[in-house]
Amino acid sequence: MKIALLEPIGVPSGIIEGHTKKLKELGHEFVSYDTKTTDPKELTARSAGCDIVMIANNPYPAEVVESADSLKMLSVAFTGIDHVAVDACRERGIMICNAAGYSNQTVAELIIGMAVDALRNVAKADQVVRAGGTSAGIGGREICGRTVGIIGLGRIGLMTAKLFLAFGANVIAYNRSENEEAKALGIEYKSLEEVLSRSDIVSLNLPLNAQTRGFLSKKCIALMRPDTVFINCARGPIVDNAALADALNEDRLGFACVDVYDMEPPLPADYPLLHAKNTLLTPHQAFISDEAMFRRAEIVFGNVYSYLAGEPVNVCG
């Protein structure tokens, strides 16, 4: 079979070379590309003649799927597959396998870091000391004893909850179904309205799909208190980000830590959150750590080996 890795996946070239050798020893053709592209024509060219294609988080649109005549399996080096033309793959009978779980710890740790920054004014303090200032007025608040609301208690949401519990927080959650492990940890399930209105810190951990797009509306944002810290390391389009910016600028929300947006960074100069006060913005980096990238590579290549052996794993489409 012909197999292609269409973009870098954040690991040293030696790891890719090792898999190249292994796949060739198994009798397969393998090619990898060290540059990213979102150009459908280039993606089509890179996919030409391939039985298996491996991608990360760049879009793989329907027009590319439809032109990939030989494609049988798509191994996605990412948890979400909202950037993949899933319907087109289903119509063609193309199997999709993802890399769920590789970034659970990494994303959860950044959420904790953001919460600490928001409550303890870490980024602000850095600027104060560089300007010759003192600690007067920037002491902040502790996580311990605060109520943390998790919206979406899947694998990342549960890991996030565990870390907040370790800090001594009280955790409540909104999710479509209930998890016995979460209950055993003392996490209480509440309505969305209760989670938003009762929480000192709200962490959004939902996947992006047809049901969650625009889920956190202007009306939902209005339920949060003026001192609440809101954190989004999930997906940007789940939130009405213009309404979020308005709430911050009008002091109806305390602080927002945002890693994901309506589009991938770089953001346009007029993007509302760029001009909102009391924000910490990061460039979609929650899933990136050395450890996560190594785990991701093992999973995404493992998907390929399992498929070649006739025992596919991590099938999600």
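It should be emphasised that the depicted structure is a prediction, and the values quoted were computed from it without experimental measurement.

Peer 1: Sorry if this is basic, but what is going on with the overall build of the protein here?
Peer 2: Looking only at helices and strands, the protein has 12 helices and 12 strands in total. Relative to the 2.2 N^0.38 estimate, which gives 20 Å for 317 residues, the radius of gyration of the protein is 21 Å and therefore close to what a compact globule would have. For the C-alpha atoms alone, the extent of the protein along its principal axes is close to 65 × 45 × 35 Å. Of all 317 residues assigned to the protein, the portion counted as buried reaches 47%. Taking the contacts inside the protein whose residues are at least 6 apart along the sequence as the reference set, 62% of them involve residues at least 24 apart. Summing over all exposed atoms, the protein offers an accessible surface of approximately 14,500 Å²; the carbon and sulfur share of this is 51%. Of the side-chain charges in the protein, 30 are positive and 38 negative, and the distance between the mean point of each set is 3 Å.

Peer 1: Help me out: how do you make sense of the packing of helix α1 (residues 13-25) against helix α12 (residues 290-308) in this one?
Peer 2: Think of two packed helices as two axes; the pair is described by the angle between the axes and how far apart they sit. Packing of α1 against α12 brings their axes to within 12 Å, and their N-to-C directions diverge by 10°. The pairing of α1 with α12 is recorded here as roughly parallel in orientation. Of α12, the residues touching α1 (which contributes Ile15, Ile16, His19, Lys22 and Leu23) are Phe294, Glu298, Phe301, Val304, Tyr305 and Leu308.

Peer 1: Looking at this model, I keep getting lost on the layout of surface pockets. Mind explaining?
Peer 2: Which parts of space are left empty comes out when a probe the size of a water molecule is rolled across the atoms. The volume enclosed by the largest pocket comes to roughly 1,100 Å³. Contributing to the lining of the largest pocket are 42 residues, with Asn205, Leu206, Pro207, Leu208 and Asn209 lying nearest its centre. Of all elements in the fold, only α5 (104-120) and α7 (155-166) reach the threshold of two or more residues within the lining of the largest pocket. A total of 3 residues in the lining of the largest pocket trace back to one element, the largest contributor, which is α7. Grouping the amino acids of the lining of the largest pocket by side-chain chemistry returns 20 nonpolar, 16 polar and 6 charged.

Peer 1: What is the right way to read unusual backbone geometry from this model?
Peer 2: Only a minority of non-glycine residues have a phi that is not negative, and only a minority of peptide bonds are not trans. Backbone torsion omega between Pro265 and Pro266 reads 10°, so that peptide bond is classified as cis. Counting through the fold element by element, Pro266 comes out in the loop between β11 (255-258) and β12 (279-281). In the Ramachandran plot, Asn121 falls in the positive-phi region, its phi being about 60° despite a non-glycine side chain. Classification of Asn121 by relative accessible area gives buried; the value is 19%. Phi is positive for Asn278, which is not a glycine, with a value near 55°. The exposure class of Asn278 is partly exposed, given its relative accessible area of 34%.

Peer 1: Please clarify how the nonpolar core should be interpreted in this entry.
Peer 2: Across soluble globular proteins, nonpolar side chains have a tendency to be buried as a group. If you look at the biggest cluster of nonpolar residues, it comprises 76 residues, and the most contacted ones within it are Ile9, Tyr60, Leu74, Val84, Phe164, Ile231 and Phe301. What Tyr60 contacts, discounting residues up to four positions off in sequence, is Leu6, Ser47, Val53, Ile55, Val65, Ala68, Leu71, Leu74, His83, Val84 and Ala85.

Peer 1: Would you take a moment to explain the sheet that holds β12 for this structure?
Peer 2: Pairing between the strands of a sheet comes from backbone hydrogen bonds, and it takes one of two forms, parallel or antiparallel. Overall, parallel pairing links the 7 strands, which are arranged β8-β7-β6-β9-β10-β11-β12 in an open sheet. Of all the strands in the sheet, the pair left with one neighbour each is β8 (188-189) and β12. As defined by bridge partners, strand β9 (residues 201-204) adjoins strand β10 (residues 229-232) across 4 bridges and the pair is classed as parallel. If you follow Ile201 over to β10, its bridge partner there is Val229.

Peer 1: Can you help me understand the pattern of salt bridges in this one?
Peer 2: Note on pairing: side chains with opposite charge can pair once their charged atoms come close. Counted according to the given criterion, the structure contains 15 salt bridges. Here Asp51 ties to Lys72 by a salt bridge, and the two come within 2.5 Å at their closest N and O atoms. Residue Asp51 is located in the loop between α2 (40-47) and β3 (52-55), and its partner Lys72 is located in the loop between α3 (62-67) and β4 (73-76); the two are separated by 21 residues in the primary sequence. Taking relative accessible area as the criterion, Asp51 reaches 13% and is therefore assigned buried. With relative accessibility at 35%, the residue Lys72 sits in the partly exposed group.

Peer 1: Whenever I open this one, the pairing of strand β6 (residues 147-151) confuses me. Can you help?
Peer 2: Side chains on a regular strand alternate between the two faces of the sheet. Burial of β6 is extensive: 5 of the 5 residues sit out of reach of the surface. Going residue by residue along β6, you find Thr147, Gly149 and Ile151 tucked away on one face and Val148 and Ile150 tucked away on the opposite face as well. Once you follow β6 into α7 and on to strand β7 (residues 170-174), the crossover reads as right-handed. Sheet topology places β6 next to β9; 4 bridges connect them, and they run parallel.

Peer 1: Help me out: how do you make sense of the sheet that holds β4 in this one?
Peer 2: The 5 strands are arranged β2-β1-β3-β4-β5 in an open sheet whose pairing can be described as parallel. Taken across any chain shown, the strands that pair with only one partner, and hence form the sheet edges, are β2 (29-32) and β5 (95-97). Put simply, the sheet's adjacent strands are angled 15° from each other on average, direction ignored. The pairing of strand β1 (residues 2-5) with β2 spans 4 bridges and is classified as parallel.

Peer 1: Explanation requested: the packing of aromatic side chains in the structure shown.
Peer 2: By convention here, two paired aromatic rings are described through the distance between centres and the angle between planes. Scanning all chains against the criterion turns up 4 aromatic pairs. For the pair Tyr174 and Phe215, a centre-to-centre distance of 6.2 Å together with 25° between the ring planes defines the contact as stacked. With Tyr174 in strand β7 and Phe215 in the loop between β9 and α10 (218-221), this pair connects stretches of sequence that are 41 residues apart. Taking the centre distance of 5.9 Å and the plane angle of 85° together, the rings of Tyr261 and Tyr271 count as edge-to-face. Of this pair, Tyr261 sits in the loop between β11 and β12 while Tyr271 sits in the loop between β11 and β12; the two residues are 10 residues apart in sequence, bridging distant segments of the chain.

About the criteria used
- Residues numbered from 1 in each chain as written.
- Predicted model: local features only at pLDDT ≥ 70, side-chain atom pairs only at ≥ 80, totals over all residues.
- Heavy atoms only, no water.
- Helix = DSSP H or I, 4+ residues; strand = E, 2+ residues; numbered from the N terminus.
- Rg over C-alpha atoms; globule rule 2.2 N^0.38 Å.
- Buried < 20%, exposed > 50% of the residue type's maximum accessible area, 1.4 Å probe, protein only.
- Contact = heavy atoms within 4.5 Å.
- Areas by Shrake-Rupley, 256 points an atom, 1.4 Å probe, with all protein chains shown as cover.
- Lys, Arg positive; Asp, Glu negative; His and termini not counted.
- Charge placed at Lys NZ, Arg CZ, Asp CG, Glu CD.
- Axes fitted to C-alpha atoms, helices over the stretch in contact; angles between N-to-C directions.
- Parallel < 35°, antiparallel > 145°, perpendicular 65-115°, else oblique.
- 1 Å grid on protein atoms, 1.4 Å probe; cavity = no way out; pocket = protein on both sides within 12 Å on 5 of 7 lines; lining within 4 Å.
- Points joined across faces, edges and corners; volume = space filled by probe spheres on them.
- Nonpolar A, V, L, I, M, F, W, Y, C, P; charged D, E, K, R; others polar.
- Core = buried A, V, L, I, M, F, W, Y, C linked by side-chain atoms within 4.5 Å.
- Pairing = 2+ DSSP bridges.
- Salt bridge = Lys/Arg side-chain N within 4 Å of Asp/Glu carboxyl O.
- Right-handed = clockwise from strand over helix to strand, strands pointing away.
- Phe/Tyr/Trp six-rings, centres within 6.5 Å; stacked < 30°, edge-to-face > 60°.

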